[in-house]
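Here is how the chains run, residue by residue.
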Amino acid sequence: MFEAISLRTLLILIPALPLSGAILTAIFGPAILRRQSHWPTVLGLAASCICSLMLAVKWQGQLPQDGKAGQGVEEVVTLWEWVGIPQAYAPSPATGLAAIAATENHAPLDFRIDVSLRIDTLTATMLVMVTLISTLVAVYSVGYMHGDEGYWRFFSYLSLFVFSMTMLVTVSNFVMLYVFWEGVGVCSYLLIGFWYRNPAAAAAGKKAFLVNRVGDFGFALALFLMWMTYGSLSFHDTDTVAGVLGARRFAGELSFVGGGVGTAICLLLMAGACGKSAQFPLHVWLPDAMEGPTPVSALIHAATMVTAGVYMIARCMPLFVAAPQAAWVVAWIGAGTALMAGLIALTQFDLKRVLAYSTVSQLGYMFLALGMATLGGVTAGMFHLFTHAFFKALLFLGAGSVMHAMGNVIDMRRFGGLRHRLPITHATFAIGCLALAGIFPLSGFWSKDAILAAVHDQAHATGASSYRVLYGMAMGTAFLTAFYTFRAFFMTFYGPQRIPEEAGHHAHESPKVMWIPLVVLALFAALVGPMLEWTHAFAHWLQYTPSLAMMAQAAGATGAPAAFHWDVAVTSTAVAVAGVALAAFLYLGHRREVAALQYVFRFGWMNPSEAPSDWESASPHAAAVANVTRPGGHPTVTGHCPSDHPSGSHGHEHGPGLLALPARLLKAVGCGLWSLLTLPLWLGQFVSPYQMSHSKFFVDEIYDVLIVGPLRGLAHISYVLDRVLVDGLVNGVGGLPVRLGGWLRKSQRGFVSLYGLLTVVGMVLVVVVSFWWGV
Amino acid sequence: MARLLLQTLALPFLAALLMPIVARLGDRAVRAWTLLVTLVTLTLTVSLCRGYLQESPGTDGFAVSDVAWLSSHATEMPLVADGATGPGTAIWDIRFHVGLDGLGLWLFALAPVLMLTSILVSWEAIQDRPAWFYGMLLLLQGGCLGVFAARDLILFYVFFEFTLLPLFFLIGIWGSEQREYAATKFFLYTLAGSLFTFLGLLAIVLWHYQQVGVLTFSIPALTAGLTEHPIAPFGLQLAIFLALFAGFAIKVPLFPLHTWLPLAHVQAPTAGSIFLAGVLLKIGTYGFLRFSVPMLPDATAACAPALLWLSVIGILYGALVALAQTDIKRLIAYSSVSHLGFCMLGLFALNRIGSSGSVLQMVNHGISTGALFALVGMLYERYHTREISAWGGLARRLPVLSCFMFLFTFSSIGLPLLNGFAGELLVLVGMFQRAWQGQLAEPFTQLKWIAVLSVVGVVLGAWYMLWLVQRVFFGPLREPHGIHGVPVRDLNWREIAALVPLAVLAFWIGIYPQLFLRPIQPAVDALTHEAQGRWEAVDRPPLADRQAFLLRRSR
């Protein structure tokens, strides 16, 4: 049925349809389509999605059927020559780089950048994921953005983003990758600042762009070094030049560069990835990016654009294999970011920010997997990318649905118990939470488990203790993930029903156009993981990507990805359940968080305006809270649970919730855990880990003090210097003739004796000088 | 084609001469006449460009006309003792010699495009003696066209100096508050520099005369002659290089010779700013590439590191100072300093990628900065202020203007698929290639520092431009009172027409830069070939050795 359409046509159509959607919306949106402006976008994206699926199916048919590992399959379609400078670079023999193919007669290499599209399994995977989720998000946005004055603008930007993103994963050249890398960045900038009249949104857009530019600084340097080292910037081989990731290199004809230069290239690439994928230390933009409309957060800042860094590193994996130190850095950045973001997410009250930090944390997970630089690691990372896209988009859209009902209030302290008001959102959000927490058998469980297994394998294979630490960090993050996810879930949907006054008459389930995408995404979030994992389809499919095939070849693997480890699976499940249990203890029924925190810290440090008692005071439990914090009280912590009133704790439950049956058991476990955890917290009350987490470890403030402030200062000093010194010098020189003239005029006063004297002096001078020079 | 070029060159001057007659018909006629002439010039230029792309001539030049203007023939008395000249050889030879090559082609074509924008922008803004104003603009355009088409040294210099006069009057008469000071400073500063340049050029001619025996002013002949007989004592070559540098570097402007630029820009009328940024500054870089680099290759190779330092300091310094500005026009003026730093950086990277990218970047800067000045002019016309803090949230009040502003901001900060990116990429790749060639794994040398620092400029560039956009166009609406208290209107069709050609070019160059690079690359290659060879022949010794080398050369 697809034979009629060639791969080439499909490859061109996939980005072209969203682009034409964007252009049509921009032309006809403001005056003609108005409230119907979503049609070009929705239709274009849907068609693009269909094309992607057709492409994937077609490509599946073209893969070698014997299933042997280590066979990379790719096809490249060249559209036009973007830049071509012939014979631009003559690598000197002294460099002695085996990485550059010797051309005939050792002619200098051409600097040639083509606009070329490629298809391999990695690209096909990304294309399917991107177009599928963007179509669903576009449909959802029809409801969410309804009535917004920038309706057409929103859909135009959205389409433009999908064009850039599909191009980003399709192009076959580092320069073009950079082009669309920045392209998605600018779409993100436009969409974060979509409500530009809100100064916070405008500032967040700029911040996102600039932080990304810092990362791109590294990416650009990597690109230049790569040109110097490999003499090419394309992924594939062309007729004359061997590409960086081309077949000739995979065949062992040419080497990959390791050592200092290779490591530098990889680390600089990682810097670029850190910017786009919000990894430490460039993660600061993503939480602020939540100022954008929620569908944008779901599509760009959770599912697609932020995974571009992961895609790029996966694509460049052979370079990292050649530079193991760089891979090690990737793993540590990933694990560190995962843990850090997980810790920050624990204490945020903004539902979207919790999800944003969760995204940062999960991306860290993916980088951790990539940092293993093994086939199992990369496939696990990509698998997590794929499943995470579905359940995180689902969670964000769910949060959007809550915002929609709550009149754009997103502070979890101001609403609660919404499960009766928003039943569909509640159910789908629950599936998303379970998937994110990694509860069997939802998608997240499988992909998270694959990552943990990859780290576990690497720890065993190398015996290095550093990998064991990484494994521990990953497990810790799994616990945090389960905890903060369900903290948000319980705070939003359980407890006494509270609705802010902004909600007005909106506090009901979202319209059909919004909840249908939620249900579809929930189905994917539940099913994609187990279906792909049980058949091992994903790992097999991905192995045909040239970059990864080479790894399979090198590893001598016969196509088997990391085996399923029962011990890892059981541990991670136990950890996740423990996280859920703790969340249930603190937030289900009575919200014990405040009481508990007060119990530990006695609020000596807490800013009253930030005090969570704001929201707790609205609950009937406030009296108990006040009781605990009575002045002069010196409670001891360990050994018993603070303010645990078993008889009262279920009194405020409104009917059987989703977790009503196992709740009692969970709470019992949670209570025990709480007792254990409070001891170090109590000991650390003076450094106040809660405050550290709540303030996001002060990274923004540190940047302000160390970078932004000094640069601004330098700018002002430069300007002052420019006016006083540089321009002053010029004016001084310019004024010199006038002053000289004035000085000379003084000598012309008509004193004949002075003239005579000067004449004599001059003559003497002439004579002396002539003798001196021997003229 | 030669006739076409002559017509294009003559048209603005003729139109300016006829201006007193047209002026009798009233101001509307003056505007219409200027617009008509410019449209014709533009059409002619477009057909010249098309012809160039179709014929793709080599480095010999295109549409060349060569008429003796003032030349005599030696019959008996050869002026050189060894008798290198024979009878019949022209020994005194100033010619009207014009033509286009890949270096000048796009800069030549840029002038009428920016002229069109300038006219449409000034349409209502200039009510004071419009006949004179448009006459000056036409003369300015004619001068700019002549500079890039001249193939004779004297002709070049005449046009080079001639561009100063109309701009002097444009700033001095139609400028803002400090217009006299700005005009005088601009005029004296650039004139002082170009007098040195003139001396340098004369020295080149005389050296050629001494060696070859022909007193020619033809640029191709001089280039060829000096390639064969390089100026011998290195000290002399260096001195001539510095003399040329004085004029060209002020024109660019290279740090620290830039202080006239922000002043001139802020005080100039919009059209003057557009021309100044778009075309006049490029004469400096063009001069370096046309004269200094091919004719003085040894000195170029020796001075290149110093010039690269000045360029990169200019990039960072311009960006930082732009960050501190409160006046929108001055901010963009300082951004010009930064951008021209990129042009100089690519130029003196002295390899194919860098130097071609530099020429492309000259065109790009003309387009994006020209458009930004036009937009600032439109804002000024509406609010009569240039203070950034006076505005806020204008995206709501002026959506179309904001849309163009975003586009050219993105173009200016080098966003991919717009023109700025291709040029910046090539410049930086060229610089990296220069810095890392043959010594990949070695520790940082000065060139590597220059290369890395220049990329920092890209980050800073995004900062000040996006911050500007954020302050002026985002946030809650804040605006000074419009003129006569009437609420301001968004762009009208005339203003949109002024910007659309530039927007089209921005996209065109961004999406298909190869079309524009194809003529540039061979021409630039021919010009930089010698100097590149000189630099690489030394094989880049460390700094101490380099100084020893300089000393050795100078003896």
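It should be emphasised that the depicted structure is a prediction, and the values quoted were computed from it without experimental measurement.

Criteria and cut-off values
Residue numbering note: each chain is counted from 1, following its sequence as written. Written order decides the labels, with chains lettered from A and ligands numbered from 1. Under the rules for a predicted model, residues below a pLDDT of 70 receive no local features and side-chain atom pairs below 80 are neither given nor counted, while totals for whole chains, interfaces and linings still include all residues. Side-chain numbers come from the whole structure's heavy atoms, not from hydrogens or water. The helix and strand labels rest on DSSP assignments: H or I over at least four residues marks a helix, E over at least two residues marks a strand, and numbering proceeds from the N terminus. Radius of gyration: C-alpha atoms only; globule rule: 2.2 Å multiplied by the number of residues to the exponent 0.38. Note on exposure labels: buried denotes an accessible area under 20% of the residue type's maximum, exposed denotes more than 50%, and partly exposed covers the range between, all computed with a 1.4 Å probe on protein chains only. Surface accessibility follows the Shrake-Rupley procedure with a 1.4 Å probe radius. Residue values consider only the protein chains on display as shielding. Charged residues are defined narrowly, with Lys and Arg counted positive, Asp and Glu counted negative, and His plus the chain ends left uncounted. Where a charge sits is defined by one atom per residue type, namely NZ (Lys), CZ (Arg), CG (Asp) or CD (Glu). By definition, residues are in contact when any of their heavy atoms lie within 4.5 Å. Exposure above 30% relative accessible area and no salt bridge define the residues that can form patches, which grow by joining like charges within 9 Å and nonpolar side chains of Val, Leu, Ile, Met, Phe, Trp and Tyr within 5 Å. Each reported salt bridge corresponds to a side-chain nitrogen of Lys or Arg within 4 Å of a carboxyl oxygen of Asp or Glu. Two aromatic rings, drawn from Phe, Tyr or Trp (for Trp, its six-membered ring), form a pair once their centres lie within 6.5 Å of each other, and the interplanar angle then sorts them: stacked below 30 degrees, edge-to-face above 60, tilted otherwise. Among buried residues, those of type Ala, Val, Leu, Ile, Met, Phe, Trp, Tyr and Cys that are joined through side-chain atoms within 4.5 Å constitute a nonpolar core. For cavity detection a 1 Å grid was placed over the protein atoms alone, and a set of points counts as a cavity when a 1.4 Å probe fits there but cannot get out; an open set counts as a pocket when protein lies on both sides within 12 Å along at least five of seven lines, with lining residues being those that have an atom within 4 Å of a point. Grid points are joined across faces, edges and corners, and a volume is the space filled by probe spheres set on the points. Once two parts are joined, some of their accessible surface, as seen by a 1.4 Å probe, is lost; buried area is that loss totalled over both. N or O atoms closer than or at 3.5 Å make up a polar contact, with two conditions inside protein: a donor-capable atom paired with an acceptor-capable one, and, for residues adjacent in sequence, both atoms drawn from side chains. The score called pLDDT rates the predictor's confidence residue by residue, from a low of 0 to a high of 100. By definition, two strands form a pair when at least two bridges between them are found by DSSP. As a rule, the C-alpha atoms of each element are fitted with a line to give its axis, helices using only the stretch in contact, and angles between N-to-C directions run from 0 to 180 degrees. Put simply, a crossing is left-handed when the front helix is turned counterclockwise from the back one by less than a right angle, and right-handed when it is turned clockwise. Any residue outside Ala, Val, Leu, Ile, Met, Phe, Trp, Tyr, Cys, Pro, Asp, Glu, Lys and Arg is labelled polar, Gly included; the first ten of those are nonpolar and the last four are charged.

### Notes on the overall build of chain B
Right, on to step 1. Scanning chain B from terminus to terminus reveals 21 helices and three strands.
Right, on to step 2. Computed over the C-alpha atoms, the radius of gyration of chain B is 23 Å, within 12% of the 24 Å expected from 2.2 N^0.38 for a compact globule of 555 residues.
Right, on to step 3. Dimensions of chain B, computed from the C-alpha atoms along their principal axes, are close to 80 × 65 × 45 Å.
Right, on to step 4. Looking at chain B as a whole, 67% of its 555 residues qualify as buried.
Right, on to step 5. Total accessible area on chain B stands at roughly 18,300 Å², and carbon and sulfur atoms take up 67% of it.
Right, on to step 6. Taking the 33 positively charged and 29 negatively charged side chains of chain B as two groups, their mean positions are separated by 7 Å.

### Observations concerning the overall build of chain A
Right, on to step 1. Along the backbone of chain A there are 29 helices and two strands.
Right, on to step 2. Looking at chain A residue by residue over its 775 residues, the buried ones come to 59%.
Right, on to step 3. At a minimum sequence separation of 6, the contacts of chain A that also span at least 24 residues come to 82%.
Right, on to step 4. Just so you have it, chain A exposes about 28,900 Å², and 69% of that area is on carbon and sulfur atoms.

### Concerning a nonpolar patch on the surface
Right, on to step 1. Taken together, the side chains of A:Phe751, A:Leu754, A:Tyr755, A:Leu757, A:Leu758, A:Val761, A:Leu765 and A:Val769 present a nonpolar region at the surface, about 730 Å² in accessible area.
Right, on to step 2. Of note, A:Leu757 is situated in helix H29 (residues 752–773).

### Here we look at the packing of aromatic side chains
Right, on to step 1. A complete count under the given rule lists 60 aromatic pairs over all chains for this structure.
Right, on to step 2. A ring pair is formed by A:Phe390 and A:Phe524, whose centres lie 5.0 Å apart and whose planes are at 20°; its orientation type is stacked. Within this pair, whereas A:Phe390 is found in helix H15 (residues 375–405), its partner A:Phe524 is found in helix H19 (residues 512–534), the two being separated by 134 residues in sequence.
Right, on to step 3. For A:Phe390, a relative accessible area of 1% puts it in the buried group.
Right, on to step 4. When the ring of A:Phe445 is compared with that of A:Trp446, the centres are 5.1 Å apart and the planes differ by 80°; the resulting orientation is edge-to-face.
Right, on to step 5. Connected via pairs of aromatic rings, a cluster forms that spans B:Phe148, B:Phe156, B:Tyr157, B:Phe160, B:Phe198, B:Phe245, B:Phe248, B:Tyr286, B:Phe288, B:Phe291 and B:Phe348.

### A few points about the nonpolar core
Right, on to step 1. Residues A:Phe111, A:Phe174, B:Phe408 and B:Phe473 are the most contacted members of the largest nonpolar core, which totals 470 residues.
Right, on to step 2. In terms of residue count, H15(A) provides more of this core than any other element does, 19 residues in total.
Right, on to step 3. Each residue touching B:Phe473, except ones within four places of it in the same chain, is listed here: A:Tyr196, B:Leu379, B:Gly393, B:Leu394, B:Ala395, B:Leu401, B:Ser402, B:Met405 and B:Phe406.

### A few points about the layout of surface pockets
Right, on to step 1. What the second largest pocket holds in volume is close to 940 Å³.
Right, on to step 2. Together, 28 residues line the second largest pocket, and A:Leu210, A:Val211, A:Val214, A:Ile707 and A:Val708 are the ones closest to its centre.
Right, on to step 3. For the lining of the second largest pocket, the secondary structure elements donating two or more residues are helix H6 (199–230) and helix H28 (699–747) of chain A together with helix H12 (297–323) and helix H18 (446–473) of chain B.
Right, on to step 4. It is H6(A) that provides the largest number of residues to the lining of the second largest pocket, a total of nine residues.

### Describing the pattern of salt bridges
When the charged atoms of two side chains lie near each other, side chains of opposite charge can form a pair.
Residues and elements named next belong to chain A.
Right, on to step 1. Per the stated rule, a full pass over the model turns up 23 salt bridges over all chains.
Right, on to step 2. Between Glu291 and Arg353 there is a salt bridge, and its shortest N-O distance comes to 3.6 Å. One end of the pair, Glu291, is in the loop between helix H9 (285–288) and helix H10 (294–303); the other, Arg353, is in helix H14 (residues 351–371), with 62 residues separating them in the sequence.
Right, on to step 3. Among the residues examined, Arg353 registers a relative accessible area of 14% and is labelled buried.

### Looking at the interface of chain A and chain B
Right, on to step 1. Listed as interface residues are 58 residues of chain A and, on the opposing side, 61 residues of chain B.
Right, on to step 2. Between chain A and chain B the total buried area reaches about 5,500 Å² when both faces are included, carbon and sulfur atoms providing 72% of it.
Right, on to step 3. Considering only the side of chain A, the residues that lose the most area to chain B are A:Trp82, A:Arg213 and A:Phe224, jointly responsible for 13% of the buried surface there.
Right, on to step 4. On the surface where chain A and chain B come into contact, there are one salt bridge.
Right, on to step 5. Of the charged contacts in the structure, one is a salt bridge between B:Arg396 and A:Glu149, with a shortest N-O distance of 3.2 Å.
Right, on to step 6. Scanning the region where chain A abuts chain B turns up 19 residue pairs in polar contact (both at pLDDT 80 or more).
Right, on to step 7. Those elements that provide at least two residues to the side of chain A that touches chain B are strand E1 (75–89), helix H5 (174–192), H6 and H28 of chain A.

### Describing the confidence of the model for chain A
Right, on to step 1. In this model, chain A carries an average pLDDT of 79, and 82% of its residues clear a pLDDT of 70 or more.
Right, on to step 2. Here residues 602–656 of chain A is modelled with pLDDT under 50, and outside its nearest four sequence neighbours on either side it reaches 89 contacts, counting other chains as well.

### Here we look at the environment of B:Ala182
All names here are of chain B.
Right, on to step 1. Topologically, Ala182 is positioned in helix H7 (residues 179–212).
Right, on to step 2. Under the relative-accessibility criterion, Ala182 is labelled buried at 1%.
Right, on to step 3. A sequence separation of 62 residues divides Ala182 from Leu120, and the C-alpha atoms of the two residues are 24 Å apart.
Right, on to step 4. When near neighbours in sequence (up to four residues on either side) are disregarded, Ala182 contacts Ile171, Leu263, Ala264 and Gln267.

### Description of the pairing of strand E2 (residues 109–119) of chain A
Residue and element names in this part refer to chain A.
Right, on to step 1. Burial of E2 is extensive: nine of the 11 residues sit out of reach of the surface.
Right, on to step 2. Where E1 lies against E2, 10 bridges are found, and the strand directions are antiparallel. Counterpart to Ile85 in the pairing with E2 is Phe111.

### Concerning the packing of H14(A) against helix H17 (residues 443–462) of chain A
When two helices pack together, you describe them by how their axes are tilted relative to each other and by the distance separating the axes.
Residues and elements named next belong to chain A.
Right, on to step 1. Direction vectors running N to C along H14 and H17 enclose 40°, while the axes themselves pass 9 Å from each other. As for the relative orientation of H14 and H17, their crossing is left-handed in sense. Facing H14, whose interface residues are Tyr365, Met366, Leu368 and Ala369, H17 presents Lys448, Ile451, Leu452 and Val455.
Right, on to step 2. For the contact of H14 with H17, the residue count by class is seven nonpolar, no polar and one charged.

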